[in-house]
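Given next are the chains, with one letter for each unit.
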Amino acid sequence: MMDLLQFGFMQRALIAALLVGLAAPAIGTFIVQRRLALLGDGIGHVALTGVALGFLTGTAPVLTAVVVSVLGAVAIELVRERGRTGGDVALALLFYGGIAGGVLLISLAPGGSNSNLLYYLFGSISSVSVEDVWVIALLAVAVLGVVALFGRELYVLCQDEEVAKASGLPVRFLSLLIAVTAALTVVIAMRVVGLLLVSALMVVPVATSQQLTRGFRSTMLLSMAFGMISTVSGLTSSFYVKVPSGAIIVVIALGGFVLALALGRFIRRSRPQESNP
């Protein structure tokens, strides 16, 4: 491990991996609870349009990805809330429109080609710069700040939207807040695992924790721990085995889910059955 830390690019990569491992499962807990597990995938496709827009305009692709992702997340939430379009259809619109927009804009960019999008589609954590680390850190703080400040209200909303309305909570604001925070998380994670795999880091650690815990808070905390373990161990493995970091991070996360599933079943079976009076 010490030889890995001798390289500056790996130091930056580890910091980015830890931040993503914390932030993605934190907001992912609310997304899974609200049965919007594919939201990250949809926003990831929209972020591809933002990345291509950055190449087209000559600006930072990460910043344009933030803007486009947030606008896309807000738009899809409003469509889901006001229109007759179901959540699955709205997400499908994000998928198709995001991919098409990204490919179209990158073809119009000076000297642009689809190969420019590969680093963002599949991740390239070893190329994370100091500026990227600062951007990732700021966005991660924003995501974790939202979770800390509005966690209780978001929990009520995710449990039952009608109860949240009856309690006087600003349901529309909170729904938009989840969507915007998810968009920020997608941009955070795209350099680590790539836009095609970003949703896995938001969902799989949460699903893993649900096999071992019952409470919402314990599920979130454990999923954040699993997220950090997956990103750091995946990054370390990619350094020594010479495989893409994004892919092995997700594979390790999935392996953790399989182990947790087996362990959870074993624990439930080993508990003494309560006898009926």
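Note that this is a predicted model, so its numbers are computed, not measured.

Q: Lay out the overall build of the protein with the relevant residues and their values.
A: For the protein, the helix and strand inventory stands at eleven helices and zero strands. Each helix and strand of the protein, ordered N terminal to C terminal, gives the series α-α-α-α-α-α-α-α-α-α-α. By the compact-globule yardstick of 19 Å for 277 residues, the protein fits well, its C-alpha radius of gyration being 19 Å. Referenced to the eigenvectors of the C-alpha coordinate spread, the extents of the protein come out at roughly 75 × 55 × 30 Å.

Q: Could you give an account of a nonpolar patch on the surface, naming the residues involved and the relevant values?
A: A surface patch of nonpolar side chains, about 360 Å² in accessible area, is lined by L212, L263, F266 and I267. You can see L212 is positioned in the loop between α9 (198-210) and α10 (216-241).

Q: How would you sum up the pattern of salt bridges? Please name residues and give values.
A: All chains considered together, the criterion is met by two salt bridges. A salt bridge links E161 to K165; its shortest N-O distance comes to 3.9 Å. Of this pair, E161 and K165 both sit in helix α7 (residues 161-166), separated by four residues, roughly a single helical turn. Owing to a relative accessible area of 44%, K165 belongs among the partly exposed residues under this scheme.

Q: Tell me about the environment of L221, and please be specific about residues and values.
A: Position of L221 relative to the elements: it lies in helix α10. Residues L221 and I248, 27 residues apart in the sequence, show an inter-C-alpha distance of 23 Å.

Q: Can you tell me about the side chain of T213, naming the residues and giving the values?
A: Its location among the elements puts T213 in the loop between α9 and α10. Side chain to side chain, T213 and T219 meet in a polar contact 2.7 Å long. With residues near it in sequence (within four places) discarded, T213 still touches S218, T219 and L222.

Q: Describe the UniProt feature "transmembrane region" (unreviewed entry) in the protein, and please don't skip the residues or the numbers.
A: Per the UniProt record, "transmembrane region" (unreviewed entry) is annotated on residues 52-79, 91-113, 133-151, 163-182, 188-208, 220-241 and 247-267. Secondary structure within residues 52-79 divides into 89% helix and 0% strand; the distance between the first and last C-alpha atoms comes to 24 Å. Helix makes up 80% of residues 163-182 and strand 0%, and the two end C-alpha atoms of the span are 23 Å apart.

Q: Which residues make up the packing of helix α1 (residues 8-33) against α9, and what values go with them?
A: Running from amino to carboxyl end, α1 crosses α9 at an angle of 70°, the nearest separation of the two axes being 7 Å. Relative to α9, α1 is oriented roughly perpendicular. Touching V20, A24, P25, I27, G28, T29, I31, V32 and Q33 of α1 are L201, M202, V203, P205, V206 and Q210, all from α9. Here the contact of α1 with α9 is built from residues that sort into eleven nonpolar, four polar and no charged.

Q: Outline the packing of α1 against helix α8 (residues 171-189), listing residues and values.
A: At a closest axis distance of 10 Å, the pairing of α1 and α8 adopts a crossing angle of 150°. When the axes of α1 and α8 are compared, the pair comes out roughly antiparallel. When the axes of α1 and α8 are compared, the crossing they make is left-handed. Here V20, A23, A24, I27 and I31 of α1 lie close against α8, whose contacting residues are I178, T181, A182, T185, I188 and A189.

Q: Describe the packing of aromatic side chains, naming the residues involved and giving the relevant values.
A: A full pass over the atoms with the stated rule returns four aromatic pairs. Residues F150 and F173 carry aromatic rings whose centres are separated by 5.9 Å and whose planes lie at 65° to one another, so their mutual orientation is edge-to-face. You can see F150 sitting in helix α6 (residues 130-159) and its partner F173 sitting in helix α8, a full 23 residues away along the chain. Classification of F150 as partly exposed rests on a relative accessible area of 26%. Its relative accessible area of 42% is what places F173 among the partly exposed residues. In textbook terms, an aromatic cluster arises when at least three aromatic residues are bridged by ring pairs, as seen for F30, Y155 and F216. Positioned above the aromatic ring of F239, the side-chain terminus of K242 is 5.2 Å from the ring centre.

Here is what the cut-offs are and how they apply
Residues numbered from 1 in each chain as written. Predicted model: local features only at pLDDT ≥ 70, side-chain atom pairs only at ≥ 80, totals over all residues. Heavy atoms only, no water. Helix = DSSP H or I, 4+ residues; strand = E, 2+ residues; numbered from the N terminus. Rg over C-alpha atoms; globule rule 2.2 N^0.38 Å. Patch = residues over 30% accessible without salt bridge, like charges linked within 9 Å, V, L, I, M, F, W, Y side chains within 5 Å. Areas by Shrake-Rupley, 256 points an atom, 1.4 Å probe, with all protein chains shown as cover. Salt bridge = Lys/Arg side-chain N within 4 Å of Asp/Glu carboxyl O. Buried < 20%, exposed > 50% of the residue type's maximum accessible area, 1.4 Å probe, protein only. Polar contact = N/O pair within 3.5 Å; in protein donor to acceptor, adjacent residues only side chain to side chain. Contact = heavy atoms within 4.5 Å. UniProt positions renumbered as here; feature names shortened; annotations may be inferred. Axes fitted to C-alpha atoms, helices over the stretch in contact; angles between N-to-C directions. Parallel < 35°, antiparallel > 145°, perpendicular 65-115°, else oblique. Nonpolar A, V, L, I, M, F, W, Y, C, P; charged D, E, K, R; others polar. Left-handed = near helix turned anticlockwise from the far one by under 90°. Phe/Tyr/Trp six-rings, centres within 6.5 Å; stacked < 30°, edge-to-face > 60°. Lys NZ or Arg CZ within 6 Å of the ring centre and 35° of its normal.

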